[in-house]
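Chain and residue survey
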Amino acid sequence: MTDTSTMLATVQAVTAALKDKPGALLPILHGVQDALGYIPTDSVPVIAKALNLSRAEVHGVISFYHYFRETPPGKQTIQVCRAESCQAMGAKHLEAHVKAKLGIDFHETTADGEFSLEPVYCLGNCACSPALQIGTDIYGRVSPELFDELIANTEAAA
Amino acid sequence: MMKTLYVPCDSSAISLGADRVANAILREAEQRGIAIQLVRNGSRGLFWLEPLIEVATGQGRIAYGPVQAQDVASLFEADFLNGGDHALALGLTEELPYLKKQQRLTFARIGKTDPISLDDYLANDGYRGLNNALAMAQADIVKAVTDSGLRGRGGAAFPTGIKWNTVLNTASAQKYIICNADEGDSGTFSDRMVMEGDPFVLIEGMTIAGLAVGATQGYIYLRVEYPHAHKALTAAIDSAYQAGYLGDNILNSGKAFHLEVRLGAGAYVCGEETSLMESLEGKRGLVRFKPPLPAIKGLFGQPTVVNNVISLASVPIILDKGGDYYRDFGMGRSRGTLPIQLAGNLKHGGLVELAFGLTLRELLYDFGGGSASGRPIKAVQVGGPLGAYLPESQFDTPLDYESFAAIWAVVGHGGVVAFDDTADMAELARYSMEFCAIESCGKCTPCRIGSTRGMELMDEIIQGKDLAKNVPLLRSLCDTLLNGSLCALGGMTPYPVLSALNHFPQDFGVEA
């Protein structure tokens, strides 16, 4: 866990580097999430002050976008595609398997902190459906068996 | 002589193991003491054959696929570096029927070149369009695009030249070019393939757009789900700056154009142009009222061209070969080519670039090879999650904007998603409402509330509750969404819902 002062120092550094870009808020939020894995609530006043916005405006932007998160994710985030092309190739079955295997629902993190599970609406891998992503690694034509194998490899590597 | 090999760096190829194959080839070559040059090219778009690797020979490039890491040793044994025979050998890449039957204009280089090599781009007709544009008057560049008949490939099909002309004729100290790279439609991946497989063509197209309308700043609004595209674009933009193709003085012409990639954050609605601009300005992606048009009052209140990736990537060839060359492809008022994406339950999913006019049936069976499951194809959704579901009786419709509009369907961004007969169309209609509820920006009431009510209604219909009341209510709700929504998200969600209901009433428990 990052302690509060280190966290705030990171937020301040990211904000200072990007605040003069036109429309700087999204680049700053990306920068914070890239560095910390999430956007801590404590960072909101820092960002708001630097951009001369209200805290409500910053919070409103964070909460509008599905990608930004305000809680720490697991070590790996698994994104399962729910969109039509993947549905045509068994995505619902895969989704049920993934949830059962990890013992969590979408937007949750496993108790051991290993995996967070998120839905995604298209990874652009539609000719190789169903698709999912583990961290930044994308996989196509994922069967429940392949998923189990991928997870076992991820755990072995950890 | 050192052998050259190609292993795609396209993210779909990677999703099937291309990185592992590339590493295995490098390892095996080193162990055998063979010097090779391994190029990471874009994908040819024949995804059932990915990872598809190619070897350069005197006869041309020979393809092998689908290759897995464990096949690599046997490929070396079979002397694949000299085109040796192997169970995975496919022959000359250019002769593969799926590829040979296509008309690749926008995708001319993709799969052939190293995407982030400027030298490769220049050696394969790159920047010829920009060179021509630099010698032309602004109005003549716009005229070439107007003459080509190019219409917005993002989905709305608005004539690109007319949009550019409005921006050109709106006086302002600062104008912008925005590339809408928020390709969120399920079943579409042509934007991704361009950005990963030939990023310079997009950069060139945007630079030409900037010269044409007098804009000095461009933004590529890229969805965060495309990390490989982000990497390729960033690398290509850096090289373009270094070589003087971007910056304050493009190729010593005294003209400036700057380009930056900005990442979205997982909001589907930000693919709508006004919502996209709000997002670029650092705000919630709420849809704006139109007018004012973005061409007059767009990003930061300035005149702005907002075009899709494929529209902008089609501009270089138009400026290279002329508007007439491009317009000679196609049918009716749909001119040029469309990169069609075959997805979902198809045996041969992939990218097919062709002049407008091919029928859905030819695409699904001649190219797609029928369903992947071997079961009959029941329905096809064309044009993303807001596109209509088409039954078998409509498979002879030619792919053309007007023909599709005539059957209350849309071509959209050219995504074709096939479903076999196990698909439950009522479940898919419910999903459309759910998707709209999740992705609604919340600004207009029909979309914000109607989508949730629609999902609840579909739940009751699926349970068979009070169909005599609920089905007409669903139609009435769709009418409100269709006519009362601010943008296409709420306004087009009725397309998949009502087309499913109209063409597959039995799935909703009602008589045809």
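Residues numbered from 1 in each chain as written. Chains lettered and ligands numbered in written order. Predicted model: local features only at pLDDT ≥ 70, side-chain atom pairs only at ≥ 80, totals over all residues.

**Some thoughts on the overall build of chain A**
As a reminder of what qualifies: Helix and strand assignments follow DSSP, with helices taken as H or I runs no shorter than four residues and strands as E runs no shorter than two, numbered in order from the N terminus. Think of it as a crowd count around each C-beta: if 20 or more other C-beta atoms lie within 10 Å the residue is buried, if 12 or fewer it is exposed, and in between it is partly exposed, with C-beta placed from the backbone throughout. Residues are defined as contacting one another if the C-beta atoms placed from their backbone atoms lie within 7 Å.
Within chain A, the secondary structure is distributed over 7 helices and 5 strands. Secondary structure elements of chain A occur, N-terminal to C-terminal, as α-α-α-α-β-α-α-β-β-β-β-α. Projected onto the principal axes, the alpha-carbon positions of chain A cover approximately 50 × 30 × 20 Å. Taken across its 158 residues, chain A has 41% of its residues classed as buried. Taking the intrachain contacts of chain A between residues at least 6 apart in sequence as the baseline, contacts between residues at least 24 apart amount to 58%.

**A few points about the sheet that holds strand β8 (residues 258-263) of chain B**
Residue and element names in this part refer to chain B. The condition is simple: Two strands make a pair as long as DSSP finds a minimum of two bridges between them. Only C-alpha atoms enter the line fits that serve as axes; for helices the fit covers just the stretch in contact. Angles between N-to-C directions range over 0 to 180 degrees.
Strand order in the open sheet formed by 4 strands is β8-β7-β6-β9, and the pairing between neighbours is parallel. Bordering the open sheet on either side are β8 and β9 (304-308), each of which pairs with just one other strand. Going from strand to strand, the sheet's axes swing by 20 degrees on average, the running direction of each strand aside. With 5 bridges connecting them, strand β6 (residues 176-181) and β9 associate as parallel partners. Bridge assignment links Tyr176 to a residue of β9, and that residue is Thr304. On top of the sheet, helix α13 (residues 309-321) reaches β6 and β9; it is set at about 95 degrees to β9, its chief contact.

**Here we look at the nonpolar core**
For the record, the criterion: Each nonpolar core consists of buried Ala, Val, Leu, Ile, Met, Phe, Trp, Tyr and Cys residues. Their C-beta atoms, within 7 Å, join them into a set.
Core analysis: the biggest nonpolar cluster contains 212 residues, and Cys81 of chain A together with Ile178, Leu202, Ala209, Val305 and Val380 of chain B have the highest contact counts within it. Setting aside anything within four residues of it in sequence, one finds Cys81 of chain A in contact with Cys86, Ala91, Val120, Cys122, Leu123, Pro130, Ala131 and Leu132 of chain A.

**Regarding the interface of chain B and chain A**
Heads up, the rule is: Each residue gets one label: Ala, Val, Leu, Ile, Met, Phe, Trp, Tyr, Cys and Pro are nonpolar, Asp, Glu, Lys and Arg are charged, and the others, such as Gly, are polar.
Across the contact, 46 residues belong to chain B and 35 residues belong to chain A. Those elements that place two or more of their residues in the side of chain B that touches chain A are α1 (11-15), β8, α12 (273-280), β12 (337-344) and β16 (415-420) of chain B. For the side of chain B that touches chain A, the per-class residue count stands at 21 nonpolar, 17 polar and 8 charged.

**A look at the domain arrangement of chain B**
All names here are of chain B. Rule in force here: Bear in mind that the domain bounds are from an automatic or database domain assignment.
By domain assignment, chain B separates into domain 1 (3-100), domain 2 (118-327), domain 3 (330-420) and domain 4 (425-508). When each unit is reduced to the centre of its C-alpha atoms, the spacing between domain 2 and domain 4 is 34 Å. Every contact between the two is made by 8 residues of domain 2 and, on the other side, 7 residues of domain 4. Grouping the constituent residues of the side of domain 2 that touches domain 4 by class yields 5 nonpolar, 2 polar and 1 charged.

**Describing the sheet that holds strand β3 (residues 115-120) of chain A**
All names here are of chain A. Read across the sheet, 5 strands follow the order β2-β3-β1-β4-β5 without closing on themselves; strand pairing throughout is mixed. Every other strand in the sheet has two partners, leaving β2 (108-109) and β5 (137-139) as the edge strands with one partner each. Summarising the sheet, β2 and β3 pair through 2 bridges and their orientation is antiparallel. Paired with Thr109 across the bridge in β3 is Ser116.

**Some words on the packing of helix α3 (residues 43-51) of chain A against helix α4 (residues 55-64) of chain A**
All names here are of chain A. Applied cut-off: For classification, angles of less than 35 degrees are called roughly parallel, those exceeding 145 degrees roughly antiparallel, those between 65 and 115 degrees roughly perpendicular, and all remaining angles oblique. In this scheme, a crossing is called left-handed if the near helix is turned counterclockwise away from the far one by less than a right angle; it is called right-handed if the turn is clockwise.
Closest axis-to-axis distance for the α3/α4 pair is 8 Å, and the angle between their directions is 115 degrees. The orientation of α3 relative to α4 falls into the category roughly perpendicular. Like other packed secondary-structure pairs, α3 and α4 cross with a definite hand, here right-handed. Residues Val44, Pro45, Ile47 and Ala48 of α3 touch α4, and the partners they reach there are Arg55, Glu57, Val58 and His59. Counted by class, the contact of α3 with α4 contains 5 nonpolar, 1 polar and 2 charged residues.

**Thoughts on the environment of Gly74 of chain A**
Tracing the backbone shows Gly74 of chain A in the loop between α4 and β1 (76-81). Residues within four places of Gly74 of chain A in sequence aside, it is in contact with Thr109, Thr110, Gly113, Glu114, Phe115 and Ser116 of chain A.

**Here's the deal with the pairing of strand β1 (residues 3-6) of chain B**
The pairing of β1 of chain B with strand β2 (residues 36-39) of chain B spans 4 bridges and is classified as parallel. Paired with Lys3 of chain B across the bridge in β2 of chain B is Ile36 of chain B.

**Some words on the domain arrangement of chain A**
Here the domain parsing of chain A yields domain 1 (4-64) and domain 2 (76-157). Just the C-alpha atoms count here: the centres of domain 1 of chain A and domain 2 of chain A sit 29 Å apart.

**What about unusual backbone geometry?**
Here the residue pair Glu50 of chain B and Pro51 of chain B is connected by a cis peptide bond, since its omega of -5 degrees sits within 30 degrees of zero. Inspection of the secondary structure puts Pro51 of chain B in the loop between β2 and β3 (53-57). Between Pro291 of chain B and Pro292 of chain B the backbone carries a cis peptide bond, its omega angle lying at 5 degrees. A positive phi is found at Arg141 of chain A, a non-glycine position, where the angle reads about 45 degrees. Tracing the chain through its elements places Arg141 of chain A in the loop between β5 and α7 (144-157). A positive phi angle, close to 65 degrees, is found at Tyr127 of chain B, a residue other than glycine. Relative to the helices and strands, Tyr127 of chain B is located in the loop between α5 (118-123) and α6 (128-134).

**Side note on the packing of helix α19 (residues 467-484) of chain B against helix α21 (residues 494-503) of chain B**
Angle between the axes and distance between the axes are the two parameters that describe a pair of packed helices. Residue and element names in this part refer to chain B. At a minimum axis separation of 10 Å, α19 and α21 run at an interaxial angle of 150 degrees. The handedness of the crossing between α19 and α21 comes out as left-handed. For the pair α19 and α21, the contacting residues are Cys478, Leu481 and Leu482 in the first and Pro494, Val497 and Leu498 in the second. Classifying every residue of the contact of α19 with α21 by side-chain character gives 6 nonpolar, no polar and no charged.

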